[in-house]
Amino acid sequence: LLITFYKTELTLSSLLEKLEVDDTKYRYSFYGEDTLAVTRELFEYLILEGMQAGLSWSLILKKRENFRKAFDNFDYNICANYSDDYLNSLLEDEGIIRNKLKIYGVRKNALAFLKVREEFGTFDNYIWQFTDFKTLSSNLKSYKDAPSNTELSDKISKDMKKRGFTFVGSTIIYSYMQAIGMIN
């Protein structure tokens, strides 16, 4: 997948490098790994995708370390127990996106994430069931051909909202699917 940046075609890693973002490994697959670290990353990417809504990726990725600090390295067990006082204190943290709905959404999503893990054993089992545990090929010739959402992202979004997740609209979920390797 090539990205046009200032009339130059670049790979995602090249673009991130040009933007001086220290994360050229943002998009990769976790499928097949069921470790605490992978599960935290699945949660992290879900939260980052939601934080990005309406904003640029370069901004989110530049603030990534601040998000990790603010949200206890995206430990969903800790995030699920955040107090209103703590969440309100984050509204003053200039290192993160200070949108109240997005900040409170972290706790809400952590609680939903835990419920999904309880029901499916792992979040990985839940999310990958939608693709029969296979990576889907987009077969796109150019990033310009990429849709912002699909019937599948619509379906996943609807299911996640029903389960109590927030900031999981179809466009966010399509991007999340790309981020975790469900779509290449």
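As a reminder, the structure under discussion sits directly above these lines.
Residues numbered from 1 in each chain as written. Predicted model: local features only at pLDDT ≥ 70, side-chain atom pairs only at ≥ 80, totals over all residues. Heavy atoms only, no water.

### Remarks on the overall build of the protein
Argument step 1. Scanning the protein from N- to C-terminus turns up ten helices and two strands.
Argument step 2. Reading the protein from its N end, one meets helices and strands in the order β-β-α-α-α-α-α-α-α-α-α-α.
Argument step 3. Counting every position in the protein, which comprises 184 residues, the buried fraction comes to 43%.
Argument step 4. Restricting to contacts in the protein with at least 6 residues of sequence separation, those with at least 24 account for 61%. (Helix = DSSP H or I, 4+ residues; strand = E, 2+ residues; numbered from the N terminus. Buried < 20%, exposed > 50% of the residue type's maximum accessible area, 1.4 Å probe, protein only. Contact = heavy atoms within 4.5 Å.)

### So, empty space enclosed by the protein
Argument step 1. Summed over the entire model, instances satisfying the criterion amount to one cavity of 30 Å³ or more.
Argument step 2. The computed volume of the largest cavity comes to approximately 60 Å³.
Argument step 3. Around the largest cavity, the lining residues are Leu46, Ile47, Gly50, Met51, Lys102, Gly105, Val106, Asn109, Thr166 and Phe167.
Argument step 4. Those elements that place two or more of their residues in the lining of the largest cavity are helix 2 (36-52) and helix 7 (100-120). (1 Å grid on protein atoms, 1.4 Å probe; cavity = no way out; pocket = protein on both sides within 12 Å on 5 of 7 lines; lining within 4 Å. Points joined across faces, edges and corners; volume = space filled by probe spheres on them.)

### Some details on helix 7
Argument step 1. Under the 1.5 Å per step criterion, the end-to-end length of helix 7 is 30 Å for 21 residues, consistent within 8% with the ideal 30 Å.
Argument step 2. Remark: the principal bend of helix 7, roughly 30°, maps to Val106.
Argument step 3. Taken residue by residue, helix 7 has Lys102, Ile103, Tyr104, Gly105, Val106, Arg107, Asn109, Ala110, Ala112, Phe113 and Val116 as its buried positions.
Argument step 4. Backbone geometry just after helix 7 places Gly121 at a positive phi near 90°. (Expected span 1.5 Å × (residues − 1). Bend = angle between axes of the 7 residues up to and from the residue.)

### Regarding unusual backbone geometry
Argument step 1. The residue Asp72 is not glycine, and still its phi comes out positive at about 45°.
Argument step 2. On the secondary structure map, Asp72 appears in the loop between helix 4 (64-70) and helix 5 (76-79).
Argument step 3. With relative accessibility at 33%, the residue Asp72 sits in the partly exposed group.
Argument step 4. Phi is positive for Asp132, close to 55°, though the residue is something other than glycine.
Argument step 5. With respect to the helices, strands and loops of the structure, Asp132 is situated in the loop between helix 8 (123-128) and helix 9 (151-162).
Argument step 6. Residue classification places Asp132 among the exposed positions, given a relative accessible area of 58%.

### Some remarks on helix 10 (residues 170-179)
Argument step 1. Judged by how many residues are buried, helix 10 sits mostly within the fold: eight of ten residues are covered.
Argument step 2. All buried positions along helix 10 are accounted for by Ser170, Ile172, Ile173, Tyr174, Ser175, Tyr176, Met177 and Ala179.
Argument step 3. Immediately beyond the C-terminal end of helix 10, within one or two residues, lies Gly181, with a positive phi of roughly 90°.

### Observations regarding the packing of aromatic side chains
Argument step 1. As enumerated under the stated definition, the model contains twelve aromatic pairs in all.
Argument step 2. The interplanar angle of 70° and the centroid separation of 6.1 Å between the aromatic rings of Phe43 and Tyr76 together place this pair among those described as edge-to-face. A residue pair is termed long-range when its members are at least 10 positions apart, and Phe43 in helix 2 and Tyr76 in helix 5 qualify at 33 residues. With respect to class, Phe43 is no different from Tyr76; both count as buried.
Argument step 3. With centroids separated by 4.8 Å and ring planes inclined at 45°, the aromatic side chains of Tyr76 and Phe113 adopt a geometry described as tilted. On the criterion of sequence distance, the pair formed by Tyr76 in helix 5 and Phe113 in helix 7 is long-range, its members being 37 residues apart. You'll find Tyr76 and Phe113 in the same group, each marked buried.
Argument step 4. These aromatic residues form a ring-pair network of at least three members: Phe43, Tyr76, Phe113, Phe120, Phe123, Tyr126, Phe130 and Phe165. (Phe/Tyr/Trp six-rings, centres within 6.5 Å; stacked < 30°, edge-to-face > 60°.)

### Section: the packing of helix 9 against helix 10
Argument step 1. Look at helix 9 against helix 10: their axes get within 8 Å of each other, and the N-to-C directions meet at 110°. Overall, the two elements helix 9 and helix 10 adopt an arrangement that is roughly perpendicular. Listed contacts from helix 10 to Leu152, Ser153, Asp154, Ile156, Ser157 and Met160 of helix 9 are Ser170, Ile173, Tyr174 and Met177. (Axes fitted to C-alpha atoms, helices over the stretch in contact; angles between N-to-C directions. Parallel < 35°, antiparallel > 145°, perpendicular 65-115°, else oblique.)

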